[in-house]
Amino acid sequence: MIKTKLRVKSGNWRKDMSFNDILGQDRPLNLLKSYIGKSRLDGSYLFTGPDGVGKKLVAKTLSKAVNCMENEVDPCDRCVSCLKIDRDEHPDVYIIDCDTLILIDSQSGNEKAASEAIKIGHIRQLQKNIALKPYEGKKKVFIIDDAHNLTPEASNAFLKILEEPVEKSLIILISSKPFLLFKTIISRCKVLKFSGLPRPVLEEIIKKDFGFDNDTAHFLAYFSEGRFGRALALKDTGFLREKNMVIDSLALSHRVNLDNIDIKKREDVRRYLNILSTWFRDIYLIKAGLTEKEIINYDRRDELLKQMSRFTFADLDGIFNSISDSVFFLERNINTRLLLYNLGVQLWKG
């Protein structure tokens, strides 16, 4: 059998949320509430959009809405059904997530982690579960997160499920990379597109709801590109301190200084390259005449203004190419220290 665990990867944000608590997704939410109100919510849906904009949160809230024992459209967050879904204990709500999927060995009863791909065995189990009537809810809900991780074999098996929709069941696919899905799968789903919040709006929310100062709230909103989930995931980490260390060590120092940053893990170095790209992106925007409010590293705007005269647009184009090349070579298993030193030479060769 498949045991599923549902996590809300959004810092300290509440799990018990209704549609009215979800910000910035008015269009898809209004469509979903309309379908529920007209009893037309059936079949399969595909939620697309960048990571961290609330697709999974909406899917979970939708599973509460269709099974709520008190309200017809918006979940009450009080009834037994809503509370069970919040606690990941509802027998009619299934979440398949390649990050959290756990398989239970049928002989030993021991748990073992599944691979990152969503394989045909997972879909066959879904096929068995969807054929059963709801155990205690109104609808069985199946949420497949990162659906683009379906293997070709799993995709073909999943197509057969979509071709023969089962009454009192709802399938929700979630993907930030829908172009990796079979076109035949997409064609059998109602597609709802999600997007990030306007960055100034997210900045105000972070200040108001979480009490951050202006500069920190601005950085989180703009670095996350308006993605609420990503901003909340960063807010409780040391990322702000880390990004300043990277800028000091690689962008402001005339010689590469790696003493204060950890270069052992490639995922860390990849993050450092992302930070560097935001720094030089900011310089580019200032030179192009955009308002300072549009820069990501607003907390260091004075230093950005000083750096602006040092680089031409051609210099900055070359730097972006060097950072892009560094990301490419990082994936090719090059020595990280050598990579950053070479990049530093490119940044300061003028």
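Thresholds, definitions, all that
Residues numbered from 1 in each chain as written. Predicted model: local features only at pLDDT ≥ 70, side-chain atom pairs only at ≥ 80, totals over all residues. Heavy atoms only, no water. Helix = DSSP H or I, 4+ residues; strand = E, 2+ residues; numbered from the N terminus. Contact = heavy atoms within 4.5 Å. Areas by Shrake-Rupley, 256 points an atom, 1.4 Å probe, with all protein chains shown as cover. Buried < 20%, exposed > 50% of the residue type's maximum accessible area, 1.4 Å probe, protein only. Pairing = 2+ DSSP bridges. Axes fitted to C-alpha atoms, helices over the stretch in contact; angles between N-to-C directions. Parallel < 35°, antiparallel > 145°, perpendicular 65-115°, else oblique. Left-handed = near helix turned anticlockwise from the far one by under 90°. Polar contact = N/O pair within 3.5 Å; in protein donor to acceptor, adjacent residues only side chain to side chain. 1 Å grid on protein atoms, 1.4 Å probe; cavity = no way out; pocket = protein on both sides within 12 Å on 5 of 7 lines; lining within 4 Å. Points joined across faces, edges and corners; volume = space filled by probe spheres on them. Nonpolar A, V, L, I, M, F, W, Y, C, P; charged D, E, K, R; others polar. Phe/Tyr/Trp six-rings, centres within 6.5 Å; stacked < 30°, edge-to-face > 60°. Salt bridge = Lys/Arg side-chain N within 4 Å of Asp/Glu carboxyl O.

Caption draft 1: Spatial organisation of the overall build of the protein. A count of helical and extended segments in the protein gives 14 helices and eight strands. When contacts within the protein are restricted to residue pairs at least 6 apart in sequence, those whose partners lie at least 24 apart make up 70%. A total of about 17,600 Å² of accessible surface is found on the protein, and carbon and sulfur atoms cover 49% of it.

Caption draft 2: Inspection of the pairing of strand E2 (residues 43–48) at higher detail. Here E2 lies mainly inside the structure; five of its six residues are buried. Across six bridges, E2 lies against strand E7 (residues 169–175) in parallel orientation. Following the sheet pairing, Leu46 is matched in E7 by Leu173.

Caption draft 3: Local environment of the packing of helix H7 (residues 199–210) against helix H9 (residues 228–235). Two numbers describe how H7 lies on H9: the axes approach to 11 Å, and their chain directions differ by 45°. Comparing their axes, H9 and H7 come out oblique. When the axes of H7 and H9 are compared, the crossing they make is right-handed. Where H7 abuts H9, its residues Leu202, Ile205, Ile206 and Phe210 lie against Phe228, Ala231, Leu232 and Lys235.

Caption draft 4: Highlighting the environment of Arg230. Relative to the helices and strands, Arg230 resides in helix H9. Considered as a pair, Arg230 and Val53 are 177 residues apart in the sequence and their alpha carbons are 7.8 Å apart. Residues contacting Arg230, with those up to four places away along its chain left out, are Gly52, Phe223, Ser224, Glu225 and Asn274. There is a polar contact of 3.4 Å between the side chain of Arg230 and the backbone oxygen of Phe223.

Caption draft 5: Local environment of empty space enclosed by the protein. By the definition in use, this model includes two cavities of 30 Å³ or more. Taken as a whole, the second largest cavity encloses approximately 40 Å³ of empty space. Around the second largest cavity sit Gly43, Ser44, Ile130, Pro165, Val166, Ser169 and Ile171, which together line it. Classifying every residue of the lining of the second largest cavity by side-chain character gives four nonpolar, three polar and no charged.

Caption draft 6: View of the layout of surface pockets. Here the second largest pocket defines a volume of roughly 350 Å³. In terms of lining, the second largest pocket is formed by 20 residues, of which the most central are Ile36, Ser39, Leu41, Val66 and Lys139. The element that contributes the greatest number of residues to the lining of the second largest pocket is helix H1 (residues 26–37), accounting for three residues. Broken down by class, the residue content of the lining of the second largest pocket amounts to eight nonpolar, five polar and seven charged.

Caption draft 7: Examining the packing of aromatic side chains more closely. Considering all chains together, one arrives at ten aromatic pairs under this definition. On the basis of an interplanar angle of 10° and a centroid distance of 4.8 Å, the ring pair of Tyr94 and Phe142 is categorised as stacked. A residue pair is termed long-range when its members are at least 10 positions apart, and Tyr94 in strand E3 (residues 93–97) and Phe142 in strand E6 (residues 140–145) qualify at 48 residues. Relative accessible area serves as the criterion here: at 2%, Phe142 is assigned to the buried category.

Caption draft 8: Local environment of the packing of helix H4 (residues 120–130) against helix H5 (residues 152–163). It is at 8 Å that the axes of H4 and H5 come closest, and there the two elements cross at 15°. For the element pair H4 / H5, the angle class is roughly parallel. In terms of crossing hand, the pair formed by H4 and H5 is left-handed. Packed against H4, whose contacting residues are Ile120, Ile123, Leu126, Gln127 and Ile130, the element H5 presents Glu153, Ala154, Ala157, Phe158 and Ile161 at the interface. Of the residues assigned to the contact of H4 with H5, the class counts are eight nonpolar, one polar and one charged.

Caption draft 9: Structural detail: the pattern of salt bridges. What the rule picks out here adds up to 21 salt bridges. Its salt-bridge partner being Lys60, residue Asp86 comes within 3.1 Å of it at the nearest N-O pair. Of the two residues, Asp86 sits in helix H3 (residues 80–86) while Lys60 sits in helix H2 (residues 55–65), which places them 26 residues apart along the sequence. Look at Lys60 and you get buried, because its relative accessible area is 2%.

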